[in-house]
Amino acid sequence: MKRIKITYNKIKDKVVKKAKEIKNGHLIREYFKNNILFVTFVITGVLSSTILRFFCMHTIENYLSFKAILADLVVVSAIGSLGYLFKPKNRFPYYMTMNIFLTAICMINSVYYTFYTSFASVSMLSLTQYIGDVGDAVVQNVLQIKDLIYIFSPITLIIVHLKLKKKNYYKRFELKSDRRKKTLKTLSFSGILLIIFLISLSPLDYSRFYKQWNKEYIVMKFGIYIYQGEDLIVSLQPKINSMFGYNKAEKEFTDYFKDRNEYTGTNEYTNIFEGKNVILIHGESMMRNAMDLSFNGIEVTPTLNRLAKQGMFFSNFYSQVSVGTSSDSELTYNTSLMPTKSGTAFVSYSDRTYISTPKLLKEKGYYTFSMHANNADFWNRRAMHKSLGYDRFYSKKDYKVTKDNTIGLGLSDKEFFKQSVAKIKKINEQHDKWYGLTIMLSNHTPFSDVEKYGDYSVDIKETVTKEDGTTEEVTYPYMEGTKLGNYFKSLHYADSALGEFIDELDAEGLLDNTIIVLYGDHDARLPRADYNKLYNYNMETHQFLSEDDPNYKEYDSFQYEIGRRVPFIIWSKDMEGTKLNQEVTNVMGMYDVMPTLGNMLGFNNKYALGHDIFNIKDNNLVVFPNGNWVTNKMYYNSQKEAYLSLSDEPITEEEINKNSEYANKLMSQLQKKK
Ligand code: GP9
Ligand code: MN
């Protein structure tokens, strides 16, 4: 009894002494002094991750998110604790290696976010071969000073190391058992932090972490390091999935469609194009809103505007791409499935069986082909176009590409179309019915081959009569020299190539029994600041409005998101004046094309995620791979949990929840390809 009392008193004295020391700051100071390398490693690691959130998520509660800081602290301190397993003199190389690793994660994500407005995925590593081709575009437009800021972290660690070396800090001796004790103590500290972190998470946090598609949210609540770790596991999943769980995924996928017979069946457009040839045009980076713009009385896209006016124009249309951009559009267009949650379907899932437009047309006796004058392996098209059911893929090696006839990434669109017409002519001679995809290339970021786009001024030119009666042409600076201005020049070029293509096809008699279908593949990722310039220019005074001007219209992030619309047009020579010549204003997504066009061409895919727009009409809901969605009434940003009203009708919470639930259900099908 006496013994217990003595031990108790001893412990009590110790605790009181420690508490006093902590209160006086001795212990903390002492700890920092003795563990300076570890502390520096932890602080720099957490700071880098915070800076990344600061640059990517602009509200203070996002980048100073308590949960994310705690999560980063757990990861970095756990990694740091392992440093104590080394002898003091070997600790710096360990911390330095780990620091470079964590810094690289932040830097890569910083660059990646600027380009894709999303965080990087390990599964994209298998795509680095394609990045080479657009590498210049990335370096010119994306690598910014803010991406280099993270170098402060290894530099700080080196400085601290050199100072410690000078003070003979590394000459100390520590017993092996002491090192193990220290490691365990520090790891326990990380463990306590981990428990606090796990308790602080809400059910929504857990659910989003599990689903993984809302990357911003995960980084905001779990920090970049946990996100990247989870991403690594998820990225390896396709490989593992091929071995296990495939049957379960297939069952879930088919079950999803079992009770889905709403908005199906025939309508007044059923079979209307049966037996017609189809030329599908993939309009690289073509954006819908550019169709409304003119400079000096000349439209940016006169050809698109003519096709829209004479044909069927879906003016409220969105592509639904993820990081696979062009390839995601091709996938969704042809299968009515959505891109994968991580990586790209074209790369990770080219070995799956797809129900696709080319395959269903082949069953109806069509010959199917695709044409793109770029390297056949870009986006793994060589393999994937075969999986999608194209009989033949014409790629770079099938075209004459010279230095003189290239623009941007490769063969110019004008030259590509000219050479393609000759090929289509032959196909037409050999085949009764055909369906062919042509993928454009010139209008691709960074839109810097300006001198090759031809004359198209995006400044304002006016002829002014002087006092002496003579005239003079005056140029007022407007969009010249901006990235958006260069985009308009590039798009004007691509539009003119399109015009020439249609004329050449017509001259060869190839349009007589043919419909042209055109889609913009995705937006052009242009700076928001440039749109503020575009929409805040006074044509009378030739001045830009300042931000405090009452007429100044901010092109906010919502405007930017809904401004990502792309054109979708179905046109044929004889459509003008018929019932098909109309503007369809109901919101529509790329996944609605297969059901809509399929109905017109006379086929049906039971496993389509989208709907025939003429059946679903204004009940349509377009889900984006990041979880955002849009209806005729509103655009909903699920990361911000905020909406933009698009009509005068009131919006209820119940409606938002119902739509979000639908979006969630659909999102969970993304990975399950039949
Ligand atoms: C590459 C071209 C561009 O061949 O389709 O792809 P993107 O960079 O737009 O995904
Ligand atoms: Mn593209």
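Cut-offs applied
- Residues numbered from 1 in each chain as written.
- Chains lettered and ligands numbered in written order.
- Predicted model: local features only at pLDDT ≥ 70, side-chain atom pairs only at ≥ 80, totals over all residues.
- Heavy atoms only, no water.
- Disulfide = S-S within 2.5 Å.
- Buried < 20%, exposed > 50% of the residue type's maximum accessible area, 1.4 Å probe, protein only.
- Patch = residues over 30% accessible without salt bridge, like charges linked within 9 Å, V, L, I, M, F, W, Y side chains within 5 Å.
- Areas by Shrake-Rupley, 256 points an atom, 1.4 Å probe, with all protein chains shown as cover.
- Salt bridge = Lys/Arg side-chain N within 4 Å of Asp/Glu carboxyl O.
- Lys, Arg positive; Asp, Glu negative; His and termini not counted.
- Charge placed at Lys NZ, Arg CZ, Asp CG, Glu CD.
- Helix = DSSP H or I, 4+ residues; strand = E, 2+ residues; numbered from the N terminus.
- Donors = N, O, S within 2.8 Å, 3.2 Å for Na, K, Ca; no water.
- Tetrahedral: all angles 85-135°; square planar, octahedral: opposite > 155°, others 65-115°.
- Pairing = 2+ DSSP bridges.
- Near = heavy atom within 4 Å.
- Polar contact = N/O pair within 3.5 Å; in protein donor to acceptor, adjacent residues only side chain to side chain.
- 1 Å grid on protein atoms, 1.4 Å probe; cavity = no way out; pocket = protein on both sides within 12 Å on 5 of 7 lines; lining within 4 Å.
- Points joined across faces, edges and corners; volume = space filled by probe spheres on them.
- Nonpolar A, V, L, I, M, F, W, Y, C, P; charged D, E, K, R; others polar.

## Focus: the state of the cysteines
Disulfide: a covalent bond connecting the sulfur atoms of a pair of cysteines.
Here's step 1: Overall, the coordinates contain zero disulfides when judged by the stated rule.
Here's step 2: For cysteine 56, which is in no disulfide, the shortest distance to another cysteine sulfur is to cysteine 106 and amounts to 9.6 Å.
Here's step 3: Given the relative accessible area of 6%, cysteine 56 is considered buried.
Here's step 4: Residue cysteine 106 is classed as buried on the basis of its relative accessible area of 0%.

## Observations concerning a positive patch on the surface
Here's step 1: Among the surface-exposed residues, Lys33, Lys163, Lys166 and Lys167 lie close enough to one another that they form a single positively charged patch.
Here's step 2: Inspection of the secondary structure assignment puts lysine 163 in helix H9 (residues 152–166).
Here's step 3: Exposure remark for lysine 163: the relative accessible area of 56% places this residue in the exposed category.

## Comments concerning the coordination of the manganese ion (ligand 2)
Here's step 1: Surrounding the manganese ion (ligand 2) are the protein donor atoms Glu284 (OE), Glu284 (OE), Ser326 (OG), Asp521 (OD) and His522 (NE2), which sit 2.0 to 2.5 Å from the metal.
Here's step 2: One can describe the site at the manganese ion (ligand 2) as irregular: its six donor atoms subtend angles covering 54 to 167 degrees at the metal.
Here's step 3: The sequence pattern formed by the donor residues of the manganese ion (ligand 2) is E-x41-S-x194-D-H.
Here's step 4: Owing to a relative accessible area of 0%, aspartate 521 belongs among the buried residues under this scheme.
Here's step 5: A residue is classified by how much of its surface remains accessible, and histidine 522, at 6% relative accessible area, is buried.

## Regarding the pairing of strand S12 (residues 471–476)
Here's step 1: For strand S11 (residues 460–465) and S12, the ladder comprises six bridges, and the chain directions are antiparallel. Bridging from a neighbouring strand, lysine 461 pairs with threonine 475 of S12.

## Description of the pairing of strand S10 (residues 434–439)
Here's step 1: Within S10, six of the six residues are buried, which leaves the element mostly enclosed by the surrounding structure.
Here's step 2: Every second residue of S10 is oriented toward a common face, with Trp434, Gly436 and Thr438 on one face and Tyr435, Leu437 and Ile439 on the other, all of them buried.

## Some details on the site of ligand 1
Here's step 1: By nearness alone, every residue bordering ligand 1 is listed as Glu284, Thr325, Ser326, His372, Asn374, Phe378, Trp379, Arg381, Leu441, His444 and His522.
Here's step 2: Between ligand 1 and the protein, one listed contact pairs an oxygen atom with a side-chain N or O atom of threonine 325 at 2.4 Å.
Here's step 3: At a separation of 2.9 Å, an oxygen atom of ligand 1 approaches a polar side-chain atom of tryptophan 379.
Here's step 4: Relative to its unbound accessible area of 310 Å², ligand 1 is 96% covered by the protein chains.

## So, the layout of surface pockets
Leftover empty space is mapped by rolling, across the atoms, a probe with the size of a water molecule.
Here's step 1: Estimated volume of the second largest pocket: approximately 990 Å³.
Here's step 2: If you trace the second largest pocket, you find 28 residues lining it, with Tyr31, Asn35, Phe38, Thr186 and Phe189 closest to the centre.
Here's step 3: Where the lining of the second largest pocket is concerned, the elements lending two or more residues are helix H1 (2–24), helix H2 (26–34), helix H3 (36–56), helix H5 (66–81) and helix H10 (176–200).
Here's step 4: The greatest single-element share of the lining of the second largest pocket, amounting to eight residues, is contributed by H10.
Here's step 5: A class-by-class count of the residues in the lining of the second largest pocket yields 15 nonpolar, five polar and eight charged.

## Considerations on a nonpolar patch on the surface
Here's step 1: A grouping of Leu82, Leu85, Phe86, Leu184 and Leu187 is seen on the molecular surface, where their side chains present a nonpolar patch of about 420 Å² in accessible area.
Here's step 2: Here phenylalanine 86 is to be found in the loop between H5 and helix H6 (88–116).

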